[in-house]
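Each chain, letter by letter, is given below.
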Amino acid sequence: MIPPGATIGILGGGQLGRMTAMAAARLGYRCHIFAPEAAAPAAEVAAFHSRADYDDTSALEAFAANVDVVTLEFENVPASTLEFLARKKPVRPSVGVLAITQDRLDEKKHLVANGLDVAAFRPVDAPKDLESGWLELAQQAVLKTRRFGYDGKGQWMLGPSSNLVAVASELGGRAAILEARIDFEREISVIVARAPNGKVVAFPPVENLHQSHILKRTLAPAPLSTELAGRARLAAITIARSLDLEGLLAVEMFVESGDRLLINELAPRPHNSGHWTIEGCNLSQFEAHVRAICDLPLTSPELLFERVVMENLLGDECRSWAQIMEEPNAFLHLYGKRDVRADRKMGHVTRVVPKEEIGGPR
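Description of the structure in this document. (Residues numbered from 1 in each chain as written. Predicted model: local features only at pLDDT ≥ 70, side-chain atom pairs only at ≥ 80, totals over all residues. Heavy atoms only, no water.)

Overview of the overall build of the protein chain
Across its full length, the protein chain carries 11 helices and 17 strands. Against the globule reference of 21 Å for 362 residues, the protein chain gives a C-alpha radius of gyration of 20 Å, in line with a compact fold. When the backbone C-alpha atoms are referred to their principal axes, the protein chain occupies close to 60 × 55 × 40 Å. Taking the intrachain contacts of the protein chain between residues at least 6 apart in sequence as the baseline, contacts between residues at least 24 apart amount to 62%. When the accessible surface of the protein chain is totalled, it reaches about 15,700 Å², and 50% of it is carbon and sulfur. (Helix = DSSP H or I, 4+ residues; strand = E, 2+ residues; numbered from the N terminus. Rg over C-alpha atoms; globule rule 2.2 N^0.38 Å. Contact = heavy atoms within 4.5 Å. Areas by Shrake-Rupley, 256 points an atom, 1.4 Å probe, with all protein chains shown as cover.)

So this is what it looks like as C-alpha coordinates:
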(Lines give C-alpha, C1' and ligand atoms only; values in the text may rest on other atoms or scores of the structure.)
Protein backbone atom coordinates (compact mmCIF):
# COMPACT_ATOMS: atom_id res chain seq x y z
CA MET A 1 0.00 0.00 0.00
CA ILE A 2 1.23 3.47 -0.91
CA PRO A 3 -0.30 5.77 1.73
CA PRO A 4 -1.44 9.39 1.39
CA GLY A 5 1.47 11.82 1.49
CA ALA A 6 3.31 9.93 -1.25
CA THR A 7 3.98 11.25 -4.74
CA ILE A 8 2.33 9.74 -7.80
CA GLY A 9 4.23 10.04 -11.07
CA ILE A 10 2.02 10.49 -14.14
CA LEU A 11 3.32 10.02 -17.68
CA GLY A 12 1.43 12.43 -19.91
CA GLY A 13 0.17 15.94 -19.35
CA GLY A 14 -3.32 16.06 -20.83
CA GLN A 15 -6.75 16.41 -19.28
CA LEU A 16 -6.82 12.82 -18.04
CA GLY A 17 -3.67 13.49 -16.04
CA ARG A 18 -5.17 16.77 -14.85
CA MET A 19 -8.29 15.14 -13.44
CA THR A 20 -6.27 12.28 -11.97
CA ALA A 21 -4.03 14.78 -10.17
CA MET A 22 -7.07 16.60 -8.81
CA ALA A 23 -8.54 13.36 -7.46
CA ALA A 24 -5.17 12.40 -5.97
CA ALA A 25 -4.81 15.76 -4.22
CA ARG A 26 -8.19 15.28 -2.53
CA LEU A 27 -6.85 12.04 -1.05
CA GLY A 28 -3.66 13.70 0.17
CA TYR A 29 -1.24 12.74 -2.60
CA ARG A 30 1.08 14.93 -4.62
CA CYS A 31 1.52 14.35 -8.34
CA HIS A 32 4.56 14.73 -10.57
CA ILE A 33 3.74 15.14 -14.27
CA PHE A 34 6.27 13.95 -16.85
CA ALA A 35 5.46 15.24 -20.33
CA PRO A 36 7.27 16.88 -23.25
CA GLU A 37 4.68 19.64 -23.73
CA ALA A 38 5.36 23.12 -22.40
CA ALA A 39 1.68 23.91 -21.76
CA ALA A 40 0.50 20.67 -20.17
CA PRO A 41 -2.98 20.98 -18.60
CA ALA A 42 -2.09 18.42 -15.93
CA ALA A 43 0.97 20.38 -14.83
CA GLU A 44 -1.22 23.32 -13.81
CA VAL A 45 -2.74 21.32 -10.94
CA ALA A 46 0.24 19.16 -9.98
CA ALA A 47 3.02 19.69 -7.43
CA PHE A 48 5.83 18.94 -9.90
CA HIS A 49 6.36 18.96 -13.66
CA SER A 50 9.26 17.48 -15.59
CA ARG A 51 9.28 18.69 -19.17
CA ALA A 52 11.33 16.20 -21.17
CA ASP A 53 11.06 13.64 -23.93
CA TYR A 54 10.11 10.11 -22.97
CA ASP A 55 13.55 8.83 -24.03
CA ASP A 56 15.48 11.29 -21.86
CA THR A 57 17.04 8.85 -19.39
CA SER A 58 18.54 11.58 -17.20
CA ALA A 59 15.14 13.21 -16.76
CA LEU A 60 13.52 9.83 -16.16
CA GLU A 61 16.12 9.02 -13.51
CA ALA A 62 15.34 12.23 -11.63
CA PHE A 63 11.61 11.67 -12.06
CA ALA A 64 11.81 8.14 -10.62
CA ALA A 65 13.76 9.41 -7.62
CA ASN A 66 10.95 11.87 -6.81
CA VAL A 67 7.93 9.52 -7.02
CA ASP A 68 6.62 6.45 -5.20
CA VAL A 69 4.57 4.89 -8.00
CA VAL A 70 4.30 5.57 -11.75
CA THR A 71 1.13 5.53 -13.84
CA LEU A 72 0.06 7.03 -17.15
CA GLU A 73 -2.72 9.04 -18.69
CA PHE A 74 -2.29 7.78 -22.25
CA GLU A 75 -1.12 4.40 -23.46
CA ASN A 76 1.29 5.40 -26.23
CA VAL A 77 4.27 5.89 -23.94
CA PRO A 78 7.29 4.03 -25.37
CA ALA A 79 7.81 0.59 -23.87
CA SER A 80 11.46 1.44 -23.23
CA THR A 81 10.37 4.30 -20.96
CA LEU A 82 8.18 2.01 -18.87
CA GLU A 83 10.88 -0.67 -18.70
CA PHE A 84 13.41 1.90 -17.48
CA LEU A 85 11.07 3.20 -14.78
CA ALA A 86 9.91 -0.28 -13.73
CA ARG A 87 13.46 -1.09 -12.65
CA LYS A 88 13.22 1.72 -10.12
CA LYS A 89 9.61 2.12 -8.96
CA PRO A 90 6.27 0.28 -9.31
CA VAL A 91 4.72 1.00 -12.71
CA ARG A 92 0.93 0.54 -12.80
CA PRO A 93 -0.40 -0.59 -15.22
CA SER A 94 2.55 -2.84 -15.97
CA VAL A 95 4.75 -2.98 -19.04
CA GLY A 96 3.06 -6.30 -19.88
CA VAL A 97 -0.41 -4.71 -19.97
CA LEU A 98 0.86 -1.95 -22.23
CA ALA A 99 2.56 -4.45 -24.54
CA ILE A 100 -0.83 -6.04 -25.24
CA THR A 101 -3.03 -2.95 -25.37
CA GLN A 102 -0.64 -0.86 -27.48
CA ASP A 103 -1.01 -3.32 -30.36
CA ARG A 104 -4.52 -3.90 -31.70
CA LEU A 105 -3.64 -7.32 -33.13
CA ASP A 106 -2.09 -8.58 -29.89
CA GLU A 107 -5.08 -7.16 -28.03
CA LYS A 108 -7.55 -9.08 -30.19
CA LYS A 109 -5.56 -12.30 -29.82
CA HIS A 110 -5.50 -11.88 -26.04
CA LEU A 111 -9.26 -11.36 -25.90
CA VAL A 112 -9.97 -14.43 -28.04
CA ALA A 113 -7.58 -16.54 -25.96
CA ASN A 114 -9.57 -15.57 -22.86
CA GLY A 115 -12.95 -16.50 -24.29
CA LEU A 116 -14.19 -13.04 -25.28
CA ASP A 117 -16.07 -12.38 -28.52
CA VAL A 118 -14.60 -9.88 -31.00
CA ALA A 119 -15.28 -8.90 -34.59
CA ALA A 120 -13.63 -11.12 -37.20
CA PHE A 121 -10.16 -9.80 -37.96
CA ARG A 122 -7.16 -10.35 -40.21
CA PRO A 123 -3.56 -9.12 -39.80
CA VAL A 124 -2.28 -6.83 -42.56
CA ASP A 125 1.49 -6.85 -43.04
CA ALA A 126 1.56 -6.26 -46.81
CA PRO A 127 -0.78 -4.96 -49.58
CA LYS A 128 -1.67 -8.55 -50.55
CA ASP A 129 -2.95 -9.13 -46.99
CA LEU A 130 -5.22 -6.12 -47.34
CA GLU A 131 -6.84 -7.45 -50.50
CA SER A 132 -7.24 -11.03 -49.29
CA GLY A 133 -8.62 -9.93 -45.92
CA TRP A 134 -11.02 -7.49 -47.57
CA LEU A 135 -12.41 -10.31 -49.72
CA GLU A 136 -12.65 -12.72 -46.76
CA LEU A 137 -14.60 -10.11 -44.79
CA ALA A 138 -17.15 -9.62 -47.58
CA GLN A 139 -15.61 -6.30 -48.68
CA GLN A 140 -17.02 -4.59 -45.58
CA ALA A 141 -14.22 -3.85 -43.13
CA VAL A 142 -12.35 -1.30 -41.06
CA LEU A 143 -8.60 -1.00 -41.54
CA LYS A 144 -6.71 0.21 -38.47
CA THR A 145 -3.05 0.73 -37.77
CA ARG A 146 -1.94 -1.75 -35.14
CA ARG A 147 -0.34 0.96 -33.03
CA PHE A 148 -1.32 4.55 -32.19
CA GLY A 149 -4.38 6.29 -33.56
CA TYR A 150 -7.41 7.59 -31.65
CA ASP A 151 -10.63 9.49 -32.40
CA GLY A 152 -10.76 7.86 -35.83
CA LYS A 153 -7.15 8.61 -36.76
CA GLY A 154 -5.26 5.80 -38.47
CA GLN A 155 -8.51 4.18 -39.65
CA TRP A 156 -10.11 3.58 -43.03
CA MET A 157 -13.69 2.42 -43.63
CA LEU A 158 -13.69 -0.02 -46.56
CA GLY A 159 -16.56 -1.10 -48.78
CA PRO A 160 -17.02 -2.80 -52.14
CA SER A 161 -15.96 0.32 -54.08
CA SER A 162 -12.86 1.13 -52.00
CA ASN A 163 -9.60 1.78 -53.82
CA LEU A 164 -7.29 -0.61 -52.02
CA VAL A 165 -4.20 0.64 -53.84
CA ALA A 166 -4.82 4.18 -52.60
CA VAL A 167 -5.57 2.95 -49.07
CA ALA A 168 -2.37 0.88 -49.01
CA SER A 169 -0.45 3.95 -50.13
CA GLU A 170 -1.92 6.00 -47.28
CA LEU A 171 -1.12 3.20 -44.85
CA GLY A 172 2.50 3.57 -45.91
CA GLY A 173 3.73 0.12 -44.93
CA ARG A 174 2.61 0.37 -41.30
CA ALA A 175 1.48 -2.86 -39.66
CA ALA A 176 -2.31 -2.95 -39.53
CA ILE A 177 -5.35 -5.02 -38.69
CA LEU A 178 -8.49 -5.46 -40.75
CA GLU A 179 -11.73 -5.90 -38.80
CA ALA A 180 -15.18 -6.83 -40.04
CA ARG A 181 -17.63 -3.94 -39.96
CA ILE A 182 -20.26 -4.52 -37.30
CA ASP A 183 -23.90 -3.55 -37.68
CA PHE A 184 -24.31 -2.83 -33.99
CA GLU A 185 -27.31 -1.49 -32.12
CA ARG A 186 -25.25 0.63 -29.74
CA GLU A 187 -21.72 1.16 -28.50
CA ILE A 188 -21.14 0.85 -24.78
CA SER A 189 -18.19 0.91 -22.42
CA VAL A 190 -17.37 -0.29 -18.93
CA ILE A 191 -14.67 1.16 -16.69
CA VAL A 192 -13.05 -1.36 -14.37
CA ALA A 193 -10.46 -0.87 -11.63
CA ARG A 194 -8.22 -3.55 -10.16
CA ALA A 195 -5.72 -3.19 -7.30
CA PRO A 196 -2.52 -5.20 -6.77
CA ASN A 197 -4.28 -7.03 -3.94
CA GLY A 198 -6.70 -8.50 -6.51
CA LYS A 199 -9.75 -6.43 -5.56
CA VAL A 200 -11.69 -5.45 -8.68
CA VAL A 201 -14.74 -3.22 -9.20
CA ALA A 202 -16.67 -2.26 -12.33
CA PHE A 203 -18.67 0.88 -13.07
CA PRO A 204 -22.15 0.69 -14.63
CA PRO A 205 -22.12 0.30 -18.43
CA VAL A 206 -22.71 3.50 -20.40
CA GLU A 207 -23.74 4.23 -23.97
CA ASN A 208 -21.41 6.30 -26.16
CA LEU A 209 -22.50 8.50 -29.06
CA HIS A 210 -19.91 9.78 -31.53
CA GLN A 211 -19.61 12.75 -33.86
CA SER A 212 -17.02 12.50 -36.67
CA HIS A 213 -15.37 9.56 -34.84
CA ILE A 214 -15.02 11.65 -31.64
CA LEU A 215 -16.98 10.84 -28.51
CA LYS A 216 -19.67 13.48 -28.16
CA ARG A 217 -22.00 12.16 -25.44
CA THR A 218 -22.00 9.45 -22.83
CA LEU A 219 -25.32 8.33 -21.36
CA ALA A 220 -25.38 6.70 -17.93
CA PRO A 221 -26.70 4.19 -17.36
CA ALA A 222 -26.78 2.56 -20.79
CA PRO A 223 -30.31 1.44 -21.79
CA LEU A 224 -29.62 -2.25 -21.27
CA SER A 225 -31.46 -5.07 -19.57
CA THR A 226 -30.20 -6.02 -16.12
CA GLU A 227 -28.92 -9.30 -17.57
CA LEU A 228 -26.97 -7.65 -20.41
CA ALA A 229 -25.53 -4.97 -18.12
CA GLY A 230 -24.34 -7.72 -15.81
CA ARG A 231 -22.66 -9.56 -18.68
CA ALA A 232 -20.92 -6.37 -19.80
CA ARG A 233 -19.51 -5.77 -16.33
CA LEU A 234 -18.46 -9.40 -16.02
CA ALA A 235 -16.65 -9.20 -19.37
CA ALA A 236 -14.71 -6.13 -18.21
CA ILE A 237 -13.78 -7.81 -14.92
CA THR A 238 -12.68 -10.95 -16.78
CA ILE A 239 -10.39 -8.89 -19.00
CA ALA A 240 -8.90 -6.98 -16.07
CA ARG A 241 -8.10 -10.23 -14.30
CA SER A 242 -6.67 -11.83 -17.45
CA LEU A 243 -4.24 -8.91 -17.77
CA ASP A 244 -3.31 -8.87 -14.06
CA LEU A 245 -4.28 -5.22 -14.30
CA GLU A 246 -3.11 -2.77 -11.66
CA GLY A 247 -4.99 0.44 -12.28
CA LEU A 248 -7.89 1.37 -14.52
CA LEU A 249 -9.16 -0.14 -17.76
CA ALA A 250 -11.83 1.08 -20.17
CA VAL A 251 -13.47 -1.68 -22.21
CA GLU A 252 -15.30 -0.54 -25.34
CA MET A 253 -17.98 -2.94 -26.61
CA PHE A 254 -20.54 -3.30 -29.38
CA VAL A 255 -24.05 -4.60 -28.70
CA GLU A 256 -25.37 -6.55 -31.67
CA SER A 257 -28.95 -7.66 -32.25
CA GLY A 258 -29.85 -10.48 -29.92
CA ASP A 259 -27.83 -8.82 -27.14
CA ARG A 260 -24.53 -10.29 -28.33
CA LEU A 261 -21.52 -8.44 -26.90
CA LEU A 262 -18.36 -7.89 -28.95
CA ILE A 263 -15.27 -6.37 -27.34
CA ASN A 264 -13.94 -3.54 -29.50
CA GLU A 265 -10.92 -1.91 -27.82
CA LEU A 266 -9.17 -1.56 -24.48
CA ALA A 267 -7.62 1.51 -22.88
CA PRO A 268 -5.55 0.95 -19.69
CA ARG A 269 -6.12 4.40 -18.23
CA PRO A 270 -8.90 6.83 -17.34
CA HIS A 271 -11.22 7.20 -20.31
CA ASN A 272 -13.38 9.92 -21.85
CA SER A 273 -16.47 7.77 -21.39
CA GLY A 274 -15.84 7.74 -17.63
CA HIS A 275 -15.89 11.50 -17.04
CA TRP A 276 -19.52 11.35 -15.94
CA THR A 277 -18.46 9.49 -12.80
CA ILE A 278 -17.01 12.64 -11.20
CA GLU A 279 -20.49 13.85 -10.28
CA GLY A 280 -22.56 10.81 -11.23
CA CYS A 281 -21.07 8.18 -8.91
CA ASN A 282 -20.03 7.83 -5.31
CA LEU A 283 -16.56 7.02 -6.70
CA SER A 284 -15.12 8.73 -9.78
CA GLN A 285 -12.99 6.85 -12.28
CA PHE A 286 -10.06 9.10 -11.35
CA GLU A 287 -10.30 8.33 -7.65
CA ALA A 288 -10.69 4.63 -8.50
CA HIS A 289 -7.50 4.88 -10.56
CA VAL A 290 -5.60 6.48 -7.68
CA ARG A 291 -6.93 3.93 -5.21
CA ALA A 292 -6.03 1.04 -7.49
CA ILE A 293 -2.43 2.06 -8.24
CA CYS A 294 -1.82 2.83 -4.56
CA ASP A 295 -3.46 -0.45 -3.45
CA LEU A 296 -6.04 1.37 -1.32
CA PRO A 297 -9.52 -0.01 -0.53
CA LEU A 298 -11.75 -0.05 -3.62
CA THR A 299 -15.42 0.65 -2.95
CA SER A 300 -18.15 -0.47 -5.31
CA PRO A 301 -19.24 2.32 -7.71
CA GLU A 302 -22.90 3.28 -7.45
CA LEU A 303 -24.93 5.62 -9.65
CA LEU A 304 -26.16 8.62 -7.64
CA PHE A 305 -28.77 9.85 -10.13
CA GLU A 306 -31.45 8.38 -12.31
CA ARG A 307 -29.69 9.62 -15.43
CA VAL A 308 -26.36 11.32 -16.19
CA VAL A 309 -25.28 12.77 -19.54
CA MET A 310 -21.69 13.80 -20.23
CA GLU A 311 -21.08 15.98 -23.29
CA ASN A 312 -17.66 16.83 -24.68
CA LEU A 313 -17.08 20.49 -25.52
CA LEU A 314 -15.27 20.46 -28.84
CA GLY A 315 -13.51 23.51 -30.25
CA ASP A 316 -15.51 26.71 -29.94
CA GLU A 317 -18.21 24.99 -27.87
CA CYS A 318 -16.13 25.79 -24.80
CA ARG A 319 -16.97 29.48 -25.30
CA SER A 320 -20.50 28.70 -24.07
CA TRP A 321 -19.17 28.31 -20.53
CA ALA A 322 -21.25 31.19 -19.14
CA GLN A 323 -24.55 29.75 -20.39
CA ILE A 324 -23.64 26.30 -19.09
CA MET A 325 -22.87 27.71 -15.66
CA GLU A 326 -26.41 29.10 -15.49
CA GLU A 327 -27.95 25.66 -15.96
CA PRO A 328 -29.25 23.86 -12.87
CA ASN A 329 -27.76 20.39 -12.39
CA ALA A 330 -24.95 21.05 -14.90
CA PHE A 331 -21.28 20.65 -13.95
CA LEU A 332 -18.71 22.36 -16.14
CA HIS A 333 -15.12 21.14 -16.55
CA LEU A 334 -12.65 23.16 -18.62
CA TYR A 335 -9.20 21.72 -19.24
CA GLY A 336 -7.14 24.91 -19.37
CA LYS A 337 -5.98 24.37 -22.95
CA ARG A 338 -4.70 27.60 -24.46
CA ASP A 339 -5.40 26.97 -28.14
CA VAL A 340 -8.98 26.45 -29.27
CA ARG A 341 -9.07 24.25 -32.38
CA ALA A 342 -11.88 22.55 -34.26
CA ASP A 343 -12.77 19.16 -32.75
CA ARG A 344 -10.24 19.59 -29.95
CA LYS A 345 -11.55 18.44 -26.56
CA MET A 346 -11.56 21.67 -24.57
CA GLY A 347 -13.71 20.49 -21.70
CA HIS A 348 -16.91 18.67 -20.86
CA VAL A 349 -20.20 19.26 -19.13
CA THR A 350 -22.05 16.70 -17.05
CA ARG A 351 -25.79 17.06 -16.62
CA VAL A 352 -27.58 15.05 -13.97
CA VAL A 353 -31.26 14.24 -13.58
CA PRO A 354 -32.27 13.62 -9.95
CA LYS A 355 -34.53 10.67 -9.39
CA GLU A 356 -37.55 12.80 -8.50
CA GLU A 357 -37.35 14.55 -11.89
CA ILE A 358 -37.66 11.43 -14.02
CA GLY A 359 -40.66 11.62 -16.29
CA GLY A 360 -40.14 15.30 -17.03
CA PRO A 361 -38.58 16.87 -20.16
CA ARG A 362 -35.60 15.00 -21.60
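Side note on the sheet that holds strand 5 (residues 121–124)
Taken in spatial order, the four strands line up as 5-8-6-7 in an open sheet, and their pairing is antiparallel. Whereas interior strands pair on both sides, the edge strands pair on one side only; in this sheet they are strand 5 and strand 7 (155–158). If you compare each strand with its neighbour and ignore which way they point, the axes differ by 20 degrees on average. Here four bridges tie strand 5 to strand 8 (residues 176–180), and the two strands are oriented antiparallel to one another. Residue pairing for strand 8: Arg-122 is matched across the bridge by Leu-178. Here helix 6 (residues 127–136) sits on the sheet and contacts strand 5, strand 6 (141–145), strand 7 and strand 8; the angle it forms with strand 5, its principal contact strand, is near 170 degrees. (Pairing = 2+ DSSP bridges. Axes fitted to C-alpha atoms, helices over the stretch in contact; angles between N-to-C directions.)

Quick look at the sheet that holds strand 3 (residues 48–51)
Here we have four strands laid out as an open sheet, ordered 3-2-1-4, and parallel in their pairing. Each end of this open sheet is capped by a strand with a single partner; those strands are strand 3 and strand 4 (69–72). Ignoring strand direction, the axes of neighbouring strands in this sheet form an average angle of 25 degrees. Of the pairings in the sheet, the one linking strand 2 (residues 30–35) to strand 3 comprises four bridges and is parallel in character. Within the sheet, the bridge partner assigned to Ile-33 lies in strand 3 and is His-49. Contacts from helix 1 (residues 15–26) reach strand 1 (7–11) and strand 2 within the one sheet, and its direction differs from that of strand 1 by about 170 degrees. The strands that helix 2 (residues 57–65) touches are strand 1, strand 2 and strand 4; relative to strand 2, the one it contacts most, it runs at about 170 degrees.

Structural notes on the environment of Ala-342
Examined against the element boundaries, Ala-342 turns out to sit in the loop between strand 16 (330–334) and strand 17 (345–353). Separated by 325 residues in the primary sequence, Ala-342 and Gly-17 have C-alpha atoms spaced 22 Å apart.

Overview of the side chain of His-271
By the element assignment, His-271 lies in the loop between strand 14 (260–267) and helix 9 (277–280). When residues no more than four places from it in sequence are discounted, the contact partners of His-271 are Leu-16, Ile-191, Ala-250, Glu-252 and Gln-285.

Let's talk about helix 1
Each α-helix turn comprises 3.6 residues. Residues three or four places apart therefore point the same way. The first and last C-alpha atoms of helix 1 sit 17 Å apart over 12 residues, in line with the 16 Å expected at 1.5 Å per residue. Counting buried positions along helix 1 gives nine out of 12 residues, so the element sits mostly inside the fold. Gln-15, Leu-16, Gly-17, Arg-18, Met-19, Thr-20, Ala-21, Ala-23 and Ala-24 are the residues of helix 1 that are buried. Looking at the packing, one finds that the buried side of helix 1 touches strand 1, strand 2, helix 9, helix 10 (285–293), strand 16 and strand 17. Among the residues trailing helix 1, Gly-28 stands out with phi positive, at a value near 95 degrees. (Expected span 1.5 Å × (residues − 1). Buried < 20%, exposed > 50% of the residue type's maximum accessible area, 1.4 Å probe, protein only.)

Side note on the environment of Ala-292
Tracing the backbone through its elements, the reader meets Ala-292 in helix 10. Residues Ala-292 and Ala-236 lie 56 residues apart in sequence; the distance between their C-alpha atoms is 16 Å. For Ala-292, the contacting residues outside a window of four places in its chain are Ala-193, Arg-194, Ala-195, Pro-196, Gly-247 and Leu-298.

Thoughts on helix 10
For helix 10, a buried count of nine out of nine residues is recorded, marking the element as mostly surrounded by other parts of the structure. Among all positions in helix 10, only Gln-285, Phe-286, Glu-287, Ala-288, His-289, Val-290, Arg-291, Ala-292 and Ile-293 are buried. Elements in contact with the buried residues of helix 10: strand 1, helix 1, strand 4, strand 9 (186–194), strand 13 (247–256) and helix 9. Just past helix 10, the residue Asp-295 takes up positive phi, approximately 60 degrees.

A word on the nonpolar core
Core analysis: the biggest nonpolar cluster contains 34 residues, and Ile-8, Leu-11, Tyr-29, Phe-34, Leu-85 and Cys-294 have the highest contact counts within it. When residues of this core are traced back to their parent elements, those giving at least two are strand 1, helix 1, strand 2, helix 2, strand 4, helix 3 (79–86) and helix 10. Not counting chain neighbours up to four residues away, the residues in contact with Cys-294 comprise Met-1, Ile-2, Ile-8, Tyr-29, Val-69 and Arg-92. One finds Leu-224, Ala-235, Ile-263 and Leu-266 within the second-largest nonpolar core, a separate group that totals 31 residues. (Core = buried A, V, L, I, M, F, W, Y, C linked by side-chain atoms within 4.5 Å.)

Geometry only, nothing functional implied.
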